[in-house]
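# Structural characterization, general
Here's the letter readout for the chains.
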Amino acid sequence: MAELNLKGLGVALVTPFKKDKSVDFEALRRMVEYVIEGQSDYIVVLGTTGETPALFPEEKALIRQAIISTNNGRVPLILGVGGNNTQAVVNELQTADFTGFSAILSVVPFYNKPSQEGLYRHYEAIAKASPLPVVLYNVPGRTGVNMSAATTLSLARDFDNIIGIKEASGNFLQIEEIIKNKPEKFDVISGDDSITYPLMTLGAVGVISVIGNAFPMEFGRMVRLCLEGNFQEAMPIHFRFNELFNLLFVDGNPAGVKCTLNALGLIQNELRLPLVPTRMSTNEKIHRLLEQLYTPSAHEKTTGEHLFPKA
């Protein structure tokens, strides 16, 4: 199993579906190969982008095994394990087989809107039960509650196996406070592709990315340049992605990235209800943008080199 390092590009992997809405395991394996060949540093399995709420338990088990076998230990795998029933999450952590995974990613409890004390105690229970390192996931736009910098920092200081946070609050002051005051062992990871570049100038170590499904090589290149402190060379890549950032999320995630992956010939453009594909107008804009960047050869389609050629 590959050694875990949260620095760099983590890809929040999509779950491809067939026309009949069943899981497309052939396309799933193809996606794993694609993001590994694109030099992704690790893969997040069964996260938000994977449409996990719409999957059945037996499907999740098969998806896990397909990804583990295809990856074959080449890059670390992080598994989404979270929920708004703390005891249910604890039970899963105590009974599930986590062979093949290097850490878990656990989202802030959603819908029931706990207090900051409730959030602390939720993650305390997870930290004590988890056989793997824990990465926190703060995404108030989806959960309905924001985990404050103070709560994040308390968890980071109090539990050695809480090793980082995927921060998707979009609150720069909050994220900057975490980066400034965190323990050395604790990593801050961008949870939003569009602000990864500015967050890395503040000290974030990378991103768990949606756009990395489609363009792992070039987006990963931007992240690595930032890690090297070469922000000047990374900046044009960030700006080049701006229009696509907006298009990928205007109709929700993962509708935009699935449309893009379909245009690249990697998966079918299928989602499960309650999610639906992008509007026709967005679909046309995505296709038009990709066409403007010119049509790839077979090799270029695999690497993404056609979209962002090196100077």
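Scroll up a little and you will see the structure.
The structure reproduced in this document is the subject of the present report. For every chain, the first residue of the written sequence is number 1, and numbering continues from 1 along that sequence. Totals for whole chains, interfaces and linings use every residue, but because this is a predicted model, local features are given only for residues with pLDDT of at least 70 and side-chain atom pairs only at 80 or more, for both listing and counting. Side-chain metrics rest on all non-hydrogen atoms present in the structure, leaving aside hydrogens and water.

As a further point, take the overall build of the protein chain. A run of DSSP states H or I qualifies as a helix once it reaches four residues; a run of E qualifies as a strand once it reaches two. Both are numbered from the N-terminal end. If you tally the helices and strands in the protein chain, you get 13 helices and eight strands. Its C-alpha atoms give the protein chain a radius of gyration of 18 Å, within 12% of the compact-globule value 19 Å for 311 residues. Each principal axis of the C-alpha atoms in the protein chain carries an extent, and together these give about 50 × 45 × 35 Å. Here the protein chain holds 311 residues, and 55% of them are scored as buried. Pairs at least 24 residues apart make up 70% of the contacts formed inside the protein chain by residues separated by at least 6 positions. Accessible surface computed for the protein chain: about 13300 Å², of which carbon and sulfur atoms make up 52%. Between the centroid of the 28 positive side chains of the protein chain and the centroid of its 33 negative side chains there is a distance of 3 Å. With C-alpha atoms as the basis for the radius of gyration, the globule rule is written as 2.2 Å multiplied by the number of residues raised to the power 0.38. Partly exposed describes any residue whose relative accessible area lies between the buried limit of under 20% and the exposed limit of over 50%, with all areas from a 1.4 Å probe on protein chains only and scaled to the type maximum. Between two residues, a contact is recorded if the distance between any of their heavy atoms is within 4.5 Å. For the area figures, the Shrake-Rupley method with a 1.4 Å probe applies, and any residue is considered shielded solely by the protein chains shown. Here the positive residues are Lys and Arg and the negative ones are Asp and Glu; neither His nor the chain ends is included. In this description, the location of a charge corresponds to atom NZ of lysine, CZ of arginine, CG of aspartate or CD of glutamate.

Attention now goes to helix H7 (residues 172-181). Among the residues of H7, Gln174, Ile175, Ile178 and Ile179 are the ones counted as buried. Burial along H7 is one-sided: seen end-on, the buried residues are contained in an arc of 135°. What points out from H7, more than 90 degrees from its buried face, is the exposed set Leu173 and Lys180. Contact partners of the buried residues in H7: strand S5 (134-138), helix H6 (149-158), strand S6 (162-167), strand S7 (187-190) and helix H8 (196-202). Where H7 begins, one side-chain oxygen reaches toward the backbone nitrogen of Leu173, 3.2 Å away; that side chain belongs to Asn171. Arc definition: directions from the helix axis to the C-beta atoms. As used in this structure description, the phrase polar contact means that two N or O atoms lie within 3.5 Å; if the pair is within protein, one of them must be able to donate a hydrogen and the other to accept it, and residues adjacent in sequence are counted only when both atoms belong to side chains.

Below, the discussion takes up the pattern of salt bridges. Within this document, salt bridges are pairs made up of a side-chain nitrogen of Lys or Arg and a carboxyl oxygen of Asp or Glu, the two lying within 4 Å of each other. Counted under the stated rule, the structure contains 13 salt bridges. Here Arg74 and Glu33 are joined by a salt bridge, their closest N and O atoms 3.0 Å apart. Taken as a pair, Arg74 in the loop between helix H2 (57-71) and strand S3 (77-80) and Glu33 in helix H1 (residues 25-37) lie far apart in primary sequence, 41 residues in all. Glu33 sits in the partly exposed class, given a relative accessible area of 26%. The partner of Glu124 in a salt bridge is Lys128, and the shortest N-O contact between them spans 3.2 Å. A residue pair is termed a helical-turn pair when its members lie 3 or 4 positions apart in one helix, as Glu124 and Lys128 do in helix H4 (residues 116-129) at four residues. Given a relative accessible area of 23%, Glu124 falls into the partly exposed group. Take Lys128: its relative accessible area is 62%, and that puts it in the exposed class. What you see here is one network of salt bridges that share partners, running through Lys19, Lys21 and Glu270.

Each aromatic ring pair is specified by the distance between its two centres and by the angle formed by the two planes. Two rings from Phe, Tyr or Trp (for Trp, the six-membered ring) form a pair when their centres sit within 6.5 Å of each other. Planes less than 30 degrees apart are called stacked, planes more than 60 degrees apart edge-to-face, and all others tilted. Per the stated rule, a full pass over the model turns up six aromatic pairs. Between Phe215 and Phe241, the aromatic rings sit 6.0 Å apart at their centres with planes inclined by 45°, giving tilted as the arrangement. Within this pair, whereas Phe215 is found in the loop between strand S8 (206-209) and helix H9 (216-227), its partner Phe241 is found in helix H10 (residues 231-249), the two being separated by 26 residues in sequence. Ring geometry for Phe219 versus Phe241: centroids 5.4 Å apart, planes at 85°, classification edge-to-face. Residue Phe219 is found in helix H9, and its partner Phe241 is found in helix H10; the two are separated by 22 residues along the sequence. Each member of the pair, Phe219 as well as Phe241, is classed as buried.

Take unusual backbone geometry next. Cis geometry marks the peptide bond from Asn253 to Pro254; its omega dihedral reads 10°. Turning to its location among the elements, Pro254 is positioned in the loop between H10 and helix H11 (255-263). With omega at 15°, the peptide bond leading from Leu273 into Pro274 counts as cis. Structurally, the position occupied by Pro274 is in the loop between H11 and helix H12 (280-292). Of note, Gln39 is a non-glycine position whose phi angle comes to about 70°, a positive value. Take Gln39: it is sitting in the loop between H1 and strand S2 (42-45). Gln39 gets classed as partly exposed once you look at its relative accessible area, which sits at 44%. Here Glu51, not a glycine, exhibits a phi torsion of approximately 55°, which is positive. Judged by its relative accessible area of 2%, Glu51 is buried.

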